[in-house]
Amino acid sequence: MSGGLFLQSLILGVLLGGLYALMAAGLTLYFGVMRVVMIAHAAFLVLAGYLAWFFTTRTGLDPILSLAVTVPAFFVLGVGIRRLLITRLKPATMTMMSVLLTFALALVIEGLLGFTFTGVQRRIRTGYSSANFEIFGAQVAVVKLIAFVLAVVALGSLWFVLKKTSLGQALRATIQHREAAELVGIDTDKVAGYGFGIGLATAAVGGTALALDATIYPSLHWHWIGPMMAIIVVGGLGSIPGAAMAAMALGIIHAFLQVPLGATWAQTVFYVALFGTLMVRPQGFFGGRLAQRF
Amino acid sequence: MTTEDTSSLAAESLSKSFGGVRAVDDATVRFVPGKINAIIGPNGSGKTTFLNCVTGMIRPDSGRVSLRGKEITRASPDRIVRLGLGRSFQACRIFPRMTVTENLLVPVRNRSVRTLLGKAHDDATVRRAQLWLQRLGIDHLHGVEARDLSFGQQKLLELGGVLMSEPEIVILDEPAGGVNPSLIRWISALIQELNAEGRTFVVVEHNMELVMTLSDHVVVFDRGRPIASGTPAEVQADPRVLEAYLGV
Amino acid sequence: MPNDSDLADASAQGASRPWPIPRLLGTGTLGALAILVLSFPFLTDTGYLLSTGVFILNYALMATGWNFVGGFTGYISLGHAAYWGLGAYATAIMITRLDMPWYLALVTSAAAVAVIAVPVGIAALRVRGASFVIVTIAFVMILLLVFQSWAGVTGGSSGLMVPRAFDVLRTQHHQIFFYLYAAALALTLLVWWAIDRSRFGMGLKAIREDEDKARALGVPTYASKLVVFVLSAFFTGLAGGLYALWFGDLDPVFQFSILMGAYMVLMALLGGIRELFGPVLGALVVGVSVEYFKSEFGDTQFHLVATGLLLALVVLFMPEGLIPWLRGLFQRFGPRASSIREVSAGELAEQVEREHAVDEPGSRS
């Protein structure tokens, strides 16, 4: 592998890894506050991508501006989904049934997208869509960098909220020990709702970032389900930094394998990582025993 | 090493850490065969973790466990049961959606293919279950789903499940926890009766009165290891035990 | 002695008289339904209806196969299309490349699927709950990738044609496969029933309730789960093999589709995973709906929405399934019949009275 190609792959890996990390953060939030494995997260990414595309084709404005609408809307949607759907599940079978329920949600979203926007592949066109810039001899698309910056900004805001605000403190307490959080007077029900909303809001950012760089179509979310599942099992869903790190690592490895193996076979890295983790360390590498038990 | 007692359960230098915390720390315990052994100790002294290591539910970091002279340290929980070591759980655990009788039909010590493929409700087994239920005093509830039982009844049912697996050694994790005084007396009498028939008991219990009247041999745990053992009277007189309970 | 008030509160529910009528009624209904199913090909010679019938039997076989894992152990597999697809492709490849007779190819491929399921089960059954579901999805996704890319053997994205096993007219072809599927379904139901009443089955159901507790009572949980996992793969693979022979045209996107796995879950949950005939009933409902949607709305994205909505509704409002719900209705509004569990309670009471003077328990031999 030549130096330029190496650097190219590394940069691509880091840029993609940023998106994976954002996705991992969202998944960990849902799991943390509700013990819910949100299979529909990828479908919401695609939904956000479609909304960004729709926004741009209708208004001619930059797709990033659509975040002003989609982020709050997704937050409210997240709160609503938890309140109206997730809380109806029995606690004993919550994790298993939540997979089915959110899977059903993913099917509905995919179906509605196909119904509304047809199955035609869509692509956002902006002034900088085809622009590239060169760094140390590596060609990098501007949109990839913008997507990465979006992911970093979202992760940074998430970090700020969790570490520096009282809501964040309540969230972390709820994630770590729900009963203890209740004992010190935290309204864990409300906090879990916010956690769910924030998780879905990250999907709005991630989906918009995704749509900047890729063609979107309704069944695209299945393509993301592999990375997502690898993140859940390998990362272990125990902590946001842990899951994000695992996601970043997988993104970089994926980018490197893409050159010799091609896109399709490189995709198998996620499944290899997943099955390898199960054989070696079923509880995941970052998450303690949580993911194994639920 | 002295000669192994072939009917006993023993743990040697057992250790288990969670993260940085040593829940069980180099614990060596010999249980007296044919007697009612008790394990006592303050909360968080590692009693339940110790039992989980002994019964194979948790893999210890180091040390060994032997049953009748045979090493069982790395054996799976189900194998340990089939070797004759049964246990109950601290939080009473039964199969809520099964009937009382079905709860007792789950344990199978014989693993031949013929037995496994045979009818679960076969006459001999159902009769055996029925007799245990009679002995526990809950036979009139045989057709009720276990989730509809009161807590005390569930406690008895759990004991019945353990007894159905025909253990030579029975480990009970807090048999009197959350149970009313009259039922405690009933369970206590039952344990003595079953012990008189030749079963060894290991009872983890917080109820001191019960421990002192019921047990023949007491092991006191503190900070993950036994600090004293002997008859109830000996243990009560031991200054280390008082220290552990009252704190320093 | 425990006082009476402590023990007596649930006794009222346990005492009830045995009621033999439902059992007879059940056997009679079962026989009538079987006759109805078997005579279906004679009642119609419309190719479309016949092929719908075969489709529904295929669904029923898949869902019943799925229910070996889902029903007994409570482990929900969303990726069971993997075994269906593998069975189909294995049968097709054995016929086209190895020139095997169809029946040999069918049985060999189902066995091959079972063998493949062993390592997959060993890996997947190490985790529980959501992680298990995820692993099953991952497996079907891998297979989709492999079967699309490995064109030399699988025909890749352009698919694989299977030559007709029988040189007959279309209608007769459907009829033959209707009976082949019905026979396979009967066999599968028989095995499920046999496990359900066995000690092995009791251990499995204990796993569904509380896996750690089952282990602590001596149930070899890991081995038990693996056995039903492999059986499940076998019967689902058998459905796939029959499908290859019947339909004659395989496409990786259809054979290894997550949606097909979701159908299996939906059908089993809808009917009731604790019930022998739950998945069959679910397959009937889902199969008829799918066909109706296809004929009414054509090939739109609507079927995704409908499947998703139905799955969500079942998960939220009827996780026990239709059969227990119907039984509940029957009990409330029907004659004063008793439920199965009360019947067995009554029977037991009688039996105990008969054998009252048996020796004490615990006299260990």
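This is a predicted model, so every value here is computed, not measured.

## As for the overall build of chain B
Looking only at helices and strands, chain B has ten helices and ten strands in total. At 18 Å, chain B has a C-alpha radius of gyration in line with the 18 Å of a compact globule built from 248 residues. Looking at chain B as a whole, 59% of its 248 residues are labelled buried. The contacts in chain B between residues at least 6 apart in sequence include a share of 67% that link residues at least 24 apart. Accessible surface for chain B amounts to roughly 9800 Å². Of this, 50% is attributable to carbon and sulfur atoms.

## Section: the overall build of chain C
Regarding its fold elements, chain C presents 18 helices and two strands. Residues classed as buried in chain C amount to 55% of the 365 residues present. For chain C, the share of sequence-separated contacts (at least 6 apart) that also reach a separation of at least 24 residues comes to 81%. Looking at chain C as shown, the accessible area adds up to about 15200 Å², and 67% of this sits on carbon and sulfur atoms.

## With respect to the side chain of C:T91
All names here are of chain C. Along the chain, the position of T91 falls in helix α5 (residues 81-98). Engagement of the side chain of T91 in a polar contact is seen with the side chain of S109, the distance being 2.7 Å. If sequence neighbours within four positions are ignored, T91 has contacts with A105, L106, S109, G241, A244 and L245.

## Topic: the confidence of the model for chain C
Residue and element names in this part refer to chain C. Per-residue confidence for chain C gives a mean pLDDT of 83; residues scoring 70 or more make up 85%. Counting contacts from residues 1-18, a segment whose pLDDT is below 50, to residues more than four positions away or on other chains yields 39 contacts. In the predicted structure, residues 337-365 sits below a pLDDT of 50 and forms 50 contacts with residues beyond four places in sequence or in another chain.

## Observations regarding the interface of chain C and chain A
On the chain A side, the residues contacting the 43 residues of chain C number 40 residues. Between chain C and chain A lies a buried interface of about 3700 Å² when both sides are counted; carbon and sulfur atoms form 83% of it. When the buried area of chain C at its contact with chain A is split by residue, C:R126, C:I134 and C:L316 rank highest and sum to 16% of it. The tally of links from chain C across to chain A stands at zero salt bridges. Taken together, the connections running from chain C to chain A amount to zero residue pairs in polar contact (both at pLDDT 80 or more).

## Structural notes on the pairing of strand β2 (residues 138-141) of chain A
Across four bridges, the pairing between strand β1 (residues 132-135) of chain A and β2(A) is antiparallel. The residue bridging A:I135 from the neighbouring strand is A:A138, located in β2(A).

## Considering the arrangement of the chains
The top pair by number of contacts, from a total of two pairs of chains in contact, is chains B and C. Chain A makes no contact with chain B; the smallest distance between any of their C-alpha atoms is 10 Å.

## Comments concerning helix α12 (residues 221-247) of chain C
If you check α12(C), its first and last C-alpha atoms are 38 Å apart, about what 27 residues at 1.5 Å a residue would give, namely 39 Å. C:G248 occupies a position one or two residues after α12(C) and carries a positive phi of about 80 degrees.

## Thoughts on the sheet that holds strand β10 (residues 225-230) of chain B
All names here are of chain B. The six strands lie next to each other as β6-β7-β8-β3-β9-β10, forming an open sheet whose pairing is mixed. Of all the strands in the sheet, just β6 (85-87) and β10 have a single pairing partner and so form its edges. The sheet shows a mean angle of 20 degrees between the axes of neighbouring strands, taken without regard to direction. With four bridges joining them, strand β3 (residues 36-40) and strand β9 (residues 217-222) adopt parallel strand pairing.

## Some points on empty space enclosed by the protein
Where empty space is left in the structure can be found by rolling a water-sized probe over the atoms. Residue and element names in this part refer to chain B. Tallied over the full model, the rule gives eight cavities of 30 Å³ or more. Considered as a void within the structure, the largest cavity measures approximately 90 Å³ in volume. For the largest cavity, the full set of lining residues is S88, F89, K155, L156, E158, L159, L172, D173, P175 and I187. Going through the elements one at a time, α6 (151-164) and β7 (169-173) are the ones with two or more residues in the lining of the largest cavity.

## Section: unusual backbone geometry
The phi angle of most residues is negative, glycine excepted, and most peptide bonds adopt the trans form. Not every positive phi belongs to a glycine, and B:S13 is a case in point at roughly 45 degrees. Mapped onto the secondary structure, B:S13 falls in strand β1 (residues 9-18).

## Notes on the pattern of salt bridges
Scanning the entire structure with this criterion turns up 29 salt bridges over all chains. The residue A:E182 makes a salt bridge to A:R178 at a minimum N-O spacing of 3.8 Å. Placement of the pair is A:E182 and A:R178 together in helix α7 (residues 178-183), with a separation of four residues, close to one helical turn. Relative accessible area serves as the criterion here: at 41%, A:E182 is assigned to the partly exposed category. A salt bridge links B:R199 to B:E197; the shortest N-O distance between them is 2.9 Å. With relative accessibility at 31%, the residue B:E197 sits in the partly exposed group. Through salt bridges with shared partners, a single network forms among B:R93, C:R128, C:D210, C:E211, C:D212 and C:K225.

## Some remarks on helix α8 (residues 188-213) of chain A
Helix length check: α8(A) (26 residues) gives 38 Å between terminal C-alpha atoms against 38 Å at 1.5 Å per residue, within 8%. Taken across its 26 residues, α8(A) has 22 buried, putting it largely inside the fold.

## Some remarks on the sheet that holds strand β2 (residues 21-30) of chain B
Residue and element names in this part refer to chain B. A sheet is described by the order of its strands in space; here four strands give the open sequence β2-β1-β4-β5, paired in antiparallel fashion. For this open sheet the edge positions go to β2 and β5 (70-71), each flanked by a neighbour on one side alone. Bridge count for β1 against strand β4 (residues 62-67) is five bridges, and the pairing is antiparallel. Residue pairing across strands places S15 opposite S62, the latter belonging to β4.

## As for the environment of A:L12
Residues and elements named next belong to chain A. Mapping L12 onto the fold places it in helix α1 (residues 3-34). Classification of L12 by relative accessible area gives partly exposed; the value is 28%. Along the primary structure L12 and Q139 are separated by 127 residues, whereas in three dimensions their C-alpha atoms are 9.8 Å apart. Apart from residues lying up to four places away in sequence, L12 is in contact with K144 and A255.

## Quick notes on the environment of C:T96
Residue and element names in this part refer to chain C. With respect to the secondary-structure elements, T96 resides in helix α5. When its relative accessible area of 33% is taken as the criterion, T96 is described as partly exposed. Each C-alpha atom, one on T96 and one on R215, is 46 Å from the other, the two residues being 119 residues apart in sequence. Residues within four places of T96 in sequence aside, it is in contact with M161 and P163.

## Remarks on the packing of aromatic side chains
What characterises a pair of aromatic rings is the spacing of the ring centres plus the angle enclosed by the ring planes. All names here are of chain B. Taken as a whole, this structure holds 41 aromatic pairs over all chains when the rule is applied. With centroids separated by 6.4 Å and ring planes inclined at 50 degrees, the aromatic side chains of F31 and F50 adopt a geometry described as tilted. On the criterion of sequence distance, the pair formed by F31 in the loop between β2 and β3 and F50 in helix α1 (residues 47-54) is long-range, its members being 19 residues apart. Between R87 and the ring centre of F89, over which it is positioned, the NZ or CZ distance is 4.4 Å. Above the face of the F89 ring, R93 is positioned so that its terminal group lies 4.6 Å from the ring centre.

About the thresholds
- Counting restarts for each chain: residues are numbered from 1 in the order of the written sequence.
- Chains and ligands are labelled by the order in which they are written, letters from A for the one and numbers from 1 for the other.
- Reporting in this predicted model follows two pLDDT cut-offs: at least 70 for local features of residues, and 80 or more for side-chain atom pairs to be given and counted; totals over whole chains, interfaces and linings ignore these cut-offs and use all residues.
- As a rule here, side-chain values cover all heavy atoms of the structure and leave hydrogens and water aside.
- Helical segments are the DSSP runs of H or I of at least four residues, strand segments are the runs of E of at least two, and each set is numbered from the N terminus.
- Throughout, the radius of gyration refers to the C-alpha atoms, and the reference size of a globule is 2.2 Å times the residue count to the power 0.38.
- Exposure is judged per residue with a 1.4 Å probe applied to protein chains only, and the accessible area is read against the type maximum: over 50% gives exposed, under 20% gives buried, and values in between give partly exposed.
- Contacts are assigned to residue pairs that have any heavy atoms within 4.5 Å of one another.
- Under the convention used here, a 1.4 Å probe and the Shrake-Rupley method define accessible areas, while residue burial counts only the protein chains that appear.
- Here a polar contact means two N or O atoms within 3.5 Å. Within protein one must be a hydrogen donor candidate and the other an acceptor candidate, and residues neighboring in sequence count only if both atoms are side-chain atoms.
- One confidence number per residue, pLDDT, is output by the predictor and ranges from 0 to 100.
- Accessible area, probed at 1.4 Å, shrinks when two parts are joined; the buried area is that loss added up over both.
- For this document, the term salt bridge refers to a Lys or Arg side-chain nitrogen within 4 Å of an Asp or Glu carboxyl oxygen.
- Note on pairing: DSSP must find at least two bridges between two strands before they are called paired.
- In a helix, the anticipated span is given by 1.5 Å times the number of residues less one.
- In this analysis an axis means a line fitted to C-alpha atoms, helices contributing only their contacting stretch, and an angle means the value between N-to-C directions, from 0 to 180 degrees.
- Points on a 1 Å grid, built from protein atoms alone, make a cavity when a 1.4 Å probe fits but cannot get out and make a pocket when they are open with protein on both sides within 12 Å along at least 5 of 7 lines; residues with an atom within 4 Å of a point are the lining residues.
- Grid points are joined across faces, edges and corners, and a volume is the space filled by probe spheres set on the points.
- By convention, a stacked pair of Phe, Tyr or Trp rings (six-membered ring in the case of Trp) has centres within 6.5 Å and planes under 30 degrees apart, an edge-to-face pair has planes over 60 apart, and any other such pair is tilted.
- Consider the ring centre and the ring normal. A charge sits over the ring if Lys NZ or Arg CZ is within 6 Å of that centre and within 35 degrees of that normal.

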